[in-house]
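# Coordinate inspection notes
For reference, the chains in residue letters:
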Amino acid sequence: MEESVSELRGTFISGRTRSVAWRKNQLEALLDLINENEESIFKALHEDLGKSPVESYRDEIGIIQKSASYSLSCLDKWVAPKKSELPLFLFPAKGEVLPEPLGVVLIFSSWNFPISLSMDPLIGAISAGNTVLLKPSELAPACLYFFIETIPLYLDNKAIKVIGGGAGVGERLLELKWDKIFFTGSPRVGRLVMTAAARYLTPVTLELGGKCPAILDTLSSPAKIKVAAKRIVGGKWGPCTGQACIAIDYLLVEEKFAPTLIELLKKTIKSFFGENIKDLKSISRIVNKHQFQRLHNLLEDPHVAASVVYGGSINEEKLVIEPTILLDPPLDSEIMTEEIFGPLLPIITLKNIEESIEFINSKPKPLVIYAFTEDETFKKRILSETSSGTVTFNDSMVQFLCDALPFGGVGQSGFGRYHGKYSFDTFSHEKAILHRGFYPELEPRYPPWTGFKLRFIKLAYRFDYFGLILLLMGLKKS
Amino acid sequence: MEESIAELRETFKSGRTRSVAWRKNQLKGLLDLITENEESIFKALHQDLGKDPVESYRDEIGVIQKSASYSLSCLDTWVAPKKGELPLLFFPAKAEVLPEPLGVVLIFSSWNFPITLALDPLIGAISAGNTVLLKPSELAPACSSFFIETIPLYLDKEAIKVVCGGADVGERLLELKWDKIFFTGSPRVGRLVMTAAARYLTPVTLELGGKCPAILDTLSSPSKAKVAAKRIVGGKWGSCTGQACIAIDYLLVEEKFASTLIELLKKTIKRFYGENIKDLKCISRIVNKHQFKRLHNLLKDPHVAASIVYGGSVDEKKLVIEPTILLDPPLDSELMTEEIFGPLLPIITLKNIEESIELINSKPNPLVIYAFTEDETFKKRILSETSSGTVTFNDSLVQFVCDTLPFGGVGQSGIGRYHGKYSFDTFSHEKSVLHRGFYPELEQRYPPWSDFKLLFIKLAYRFNYFRLILLLMGLTKS
């Protein structure tokens, strides 16, 4: 392991990865890797998570193709220095901000989107000119195996490496010195990563989780409500059967709409995924026994079980829990205090939808807040009175595809962000550069100090150029 | 202490600090504080560090006036949401990035620029709408007292507080939960801060130190060499007698120029500060006995003492060490391995000035690299082959007053940056916001999956709108 890391450092020091040609070459190779191995990826994702090819394409392959193409097309612009305007009294001078790679980067990815959560940060790290060690999650072993086999065939072996293994390997990696650590996972492990990074003052980006709420307000037509229901169902069970950091965790709705909503959700679930657990299709499964047990336990609390209004069936052998809706489970139950990360949707009813703001604020800041509403005042209140990584109005999940929107959390949901240029930035150091000339030389900036020099400096700070000229011409007194 | 913080959190929750009017009001209050207490500040800085009023104005008062005025004039632009471009696929949709305050912020400032390093971050925190607890360094006690007395008179007491004390107070503060910690100080304490912050996943900005080198290349005229000498002397002893994170730590020059350079530096020092230690003026003193002893010890190493070519005299009672130049002290001496942070300037001679790059790279990344050179190729090499927070060509220290240049370190010199809009950003969370409409509704995004839907999604990802239309019109096959 230490040898691999040394090699990555040697490669970085050689300067090879700084060349824009190298970076583009690697990004193109990554595109080839994805394009030429679509079937293998579909197979690995099906093996690890039971994902359907369409879901795999939409949430993993397509994302990486999009991100890599976007980075390729923008790279020349991103690497260019940006001019900074300087105050006149520094004339002649030029200010710029020049991005440079941080060095040797460690990327930890999570098991739920094993392809995108590894490759998307990798795209950022490569674009920024770093060398990378990728540590995919061992809980998605087929995808891990896929990486170990194919990455060396397409990418620069001495600059981009993959390592497998479990928590033990992760701990050993964290004892080493990195120039940047990018972590996607739980807040608990995020803390360990940041603590380890502190030893070397390594900057970190932590993409964590949280309970992402969806607020459903009164909508002006049944057709819109149907659309909202589809987007809610798609936002809960669509991505990896709810095992996603941006999946809708729970739903907030006014109590008078609950019955109508539940009927609509049931209909939509059946139309998307099938009538019952035996005929379930177009949906992922639970990743492993441990997660299955955890989710099953959430339902075993008698008060929680009593609140199930749809679903609830499980198949331990196949690691399947059917889409389940709960109506007003106890707020202090684990299902309402911990991130669910699975196919259970609690609906919490309120007297007035505006109470949703207070409810959301009583919990740690989530990664996303979803709000289905046409009320502009309510939208403004949500924006100014809550805090989250992102707010998406009237849809779910799609913000993940927008390269113009920074993707990251705040508070317990993480810090730092990526996607699009934010990926490039998160793996770069923006170096400030000031070019000065030798003339004119302003003597008043040097000691020995006098009242005149004090006056000069005061006028300079106020950009009072006229006053400065008068002073220098002896027309202004100290 | 816990009570103060609870109050800060309440104030933040109340939403008062989010209003732009409140922020501007506080910034104006800060400007009044500075403007109306100039004499008291001069007195406190003279007491704590022996700073001359001109140095105090230039490095402390003027900087704060500049920063506060700049923030006031830009605030409306900074708080406004920024539009993001979305792919056509999403139409109709709107994307924006909206800055919001992080919450309750803790600022630790250092003793060497006790006014600036406390108030400049404070300006950023206020501009971004946070509540703040300021913990100035106890090693600048007159300035700390000044803050304790005056801040409550000018600023919103329930939103901005000052707490004094030593390391134990710092430790207790770090046990609590903050939404952001801003720290200026040594890498050793920076590590402790980041480790403590990890417990709550609190984002941190660490402004640390390092050995800031100055490279002096061959210049085309004696007058330019004189200007360079003035800027080197100013950059070493001009700011707090070298006790500055951006002070020139050591100088690199070709051996053939060493003697000329030393004569030039001696002349400049005498002119600026006086002929000898008895007549020293226009220069700060060492902050306290502890730092004095540390610096004195650096000179006690016999090999180091033997390399002194100018200065070396000390006055323990007055805590003064005169400007001292050393020629080629041993590279493994503490003077050359640790950050000096004092009035000792080692000159390291090289056969060829290009070797400076390797020497700099053998040490941790510094906050600034200074290079006095007219050689454009050499400048390019320095920029691409070294890494530092900033690079300044042909001058020293002045990058600090440019609000358009990010000020911060990389690697051991720190994480994060501030000044100008970067201050506002460092205390903000940029929330992404996606506004979507309910129509048109793309059925292809929902299960049950089919080959048609897979093709649709593939074309959508490639922004292949033409083929998408053909597909929908049934004119293109799977």
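Here the structure is shown first, and the text comes after it.
The following paragraphs examine the structure supplied in this document. Small disclaimer: the values here were computed from a predicted structure and weren't measured.

Moving on: the sheet that holds strand β5 (residues 160–162) of chain B. All names here are of chain B. Strand order in the open sheet formed by six strands is β5-β4-β3-β6-β7-β17, with mixed pairing between adjacent strands. Each having just a single partner strand, β5 and β17 (414–415) make up the two edges of the open sheet. Strands β3 (104–108), β4 (131–135) and β6 (180–184) of the sheet are contacted by helix α7 (residues 167–174), whose axis makes an angle of about 155° with β3.

Facing the 106 residues of chain A at the interface are 107 residues of chain B. Interface area, chain A with chain B, both sides summed: about 8,800 Å², of which 62% is carbon and sulfur. Contact with chain B buries surface across chain A, with A:L201, A:F438 and A:Y461 losing the most and accounting together for 10% of the total. The partner of B:D395 in a salt bridge is A:R436, and the shortest N-O contact between them spans 2.8 Å. If you look at where chain A meets chain B, you find 54 residue pairs in polar contact (both at pLDDT 80 or more). The greatest single-element share of the side of chain A that touches chain B, amounting to nine residues, is contributed by helix α4 (residues 53–79) of chain A.

The next thing to look at is the packing of helix α2 (residues 20–36) of chain B against helix α6 (residues 141–154) of chain B. Geometry of a packed helix pair, given as the angle between the helix axes and the separation of the axes. Residue and element names in this part refer to chain B. The N-to-C vectors of α2 and α6 enclose an angle of 130°; their axes lie 9 Å apart at closest approach. One element, α2, and the other, α6, form an angle in the oblique class. Helix-helix and strand crossings are classified by hand; for α2 and α6 the assignment is right-handed. Between α2 and α6, the residues in contact are G29, D32, L33 and E36 and F146, T150, I151 and Y154, respectively. Across the contact of α2 with α6, the residue classes break down as four nonpolar, two polar and two charged.

Right, let's talk about helix α9 (residues 222–237) of chain B for a bit. Residues that lie three or four places apart on an α-helix share one face, since the helix turns once every 3.6 residues. Residue and element names in this part refer to chain B. For α9, built from 16 residues, the straight-helix expectation of 22 Å at 1.5 Å per residue is met to within 8% by its first-to-last C-alpha distance of 22 Å. Among the 16 residues that make up α9, twelve are buried, leaving the element largely enclosed by the rest of the structure. Those residues of α9 that sit buried are K224, V227, A228, A229, K230, R231, I232, V233, G234, G235, K236 and W237.

All names here are of chain A. Counting buried positions over the five residues of strand β4 (residues 131–135) gives five, a clear majority of the element. A two-sided burial pattern is seen for β4, the buried positions comprising T131, L133 and K135 on one face and V132 and L134 on the other. As judged from the five bridges shared by strand β3 (residues 104–108) and β4, these two strands associate in the parallel manner. Residue V105 lies in a different strand from β4, and its bridge partner there is V132. A crossover connection joins β3 to the parallel β4 through helix α5 (residues 116–127); in handedness this β-α-β unit is right-handed.

Before going further, it helps to spend a moment on the sheet that holds β3(A). Residue and element names in this part refer to chain A. Pairing is mixed in the open sheet, where six strands are placed in the order β5-β4-β3-β6-β7-β17. This sheet does not close on itself; its edge strands, each paired only once, are β5 (160–162) and β17 (414–415). Where strand β7 (residues 204–207) and β17 come together, two bridges link them in antiparallel fashion. When the sheet's bridge partners are listed, E207 is paired in β17 with G414.

Residues and elements named next belong to chain B. At a minimum axis separation of 9 Å, α2 and helix α5 (residues 116–127) run at an interaxial angle of 160°. Viewed along their axes, α2 and α5 adopt a mutual orientation that is roughly antiparallel. Crossing handedness for the pair α2 and α5: left-handed. Where α2 approaches α5, its residues W22, R23, Q26, L27, L30 and I34 are matched on the opposing element by L119, L122, I123, I126 and S127. Its residues assigned to classes, the contact of α2 with α5 shows eight nonpolar, two polar and one charged.

Bringing the pairing of strand β16 (residues 390–393) of chain A into the picture now. Taken residue by residue, a regular strand's side chains alternate between the two faces of the sheet. Of the two faces of β16(A), both are covered, the one formed by A:T390 and A:T392 as well as the one formed by A:V391 and A:F393. As defined by bridge partners, strand β15 (residues 368–372) of chain A adjoins β16(A) across four bridges and the pair is classed as parallel. Across the sheet, A:I369 pairs through a bridge with A:V391, a residue of β16(A). Crossover connection from β15(A) via helix α15 (residues 376–385) of chain A to parallel β16(A): handedness right-handed. Inspection of the sheet shows β16(A) paired to strand β18 (residues 428–436) of chain B by four bridges, in the parallel sense. The residue of β18(B) that forms the bridge with A:V391 is B:V433.

Criteria and thresholds
Residues numbered from 1 in each chain as written. Chains lettered and ligands numbered in written order. Predicted model: local features only at pLDDT ≥ 70, side-chain atom pairs only at ≥ 80, totals over all residues. Heavy atoms only, no water. Pairing = 2+ DSSP bridges. Helix = DSSP H or I, 4+ residues; strand = E, 2+ residues; numbered from the N terminus. Contact = heavy atoms within 4.5 Å. Axes fitted to C-alpha atoms, helices over the stretch in contact; angles between N-to-C directions. Buried area = accessible area lost by both parts, 1.4 Å probe. Salt bridge = Lys/Arg side-chain N within 4 Å of Asp/Glu carboxyl O. Polar contact = N/O pair within 3.5 Å; in protein donor to acceptor, adjacent residues only side chain to side chain. Parallel < 35°, antiparallel > 145°, perpendicular 65-115°, else oblique. Left-handed = near helix turned anticlockwise from the far one by under 90°. Nonpolar A, V, L, I, M, F, W, Y, C, P; charged D, E, K, R; others polar. Expected span 1.5 Å × (residues − 1). Buried < 20%, exposed > 50% of the residue type's maximum accessible area, 1.4 Å probe, protein only. Right-handed = clockwise from strand over helix to strand, strands pointing away.

Keep in mind that these numbers describe shape and distance, not what the molecule does.
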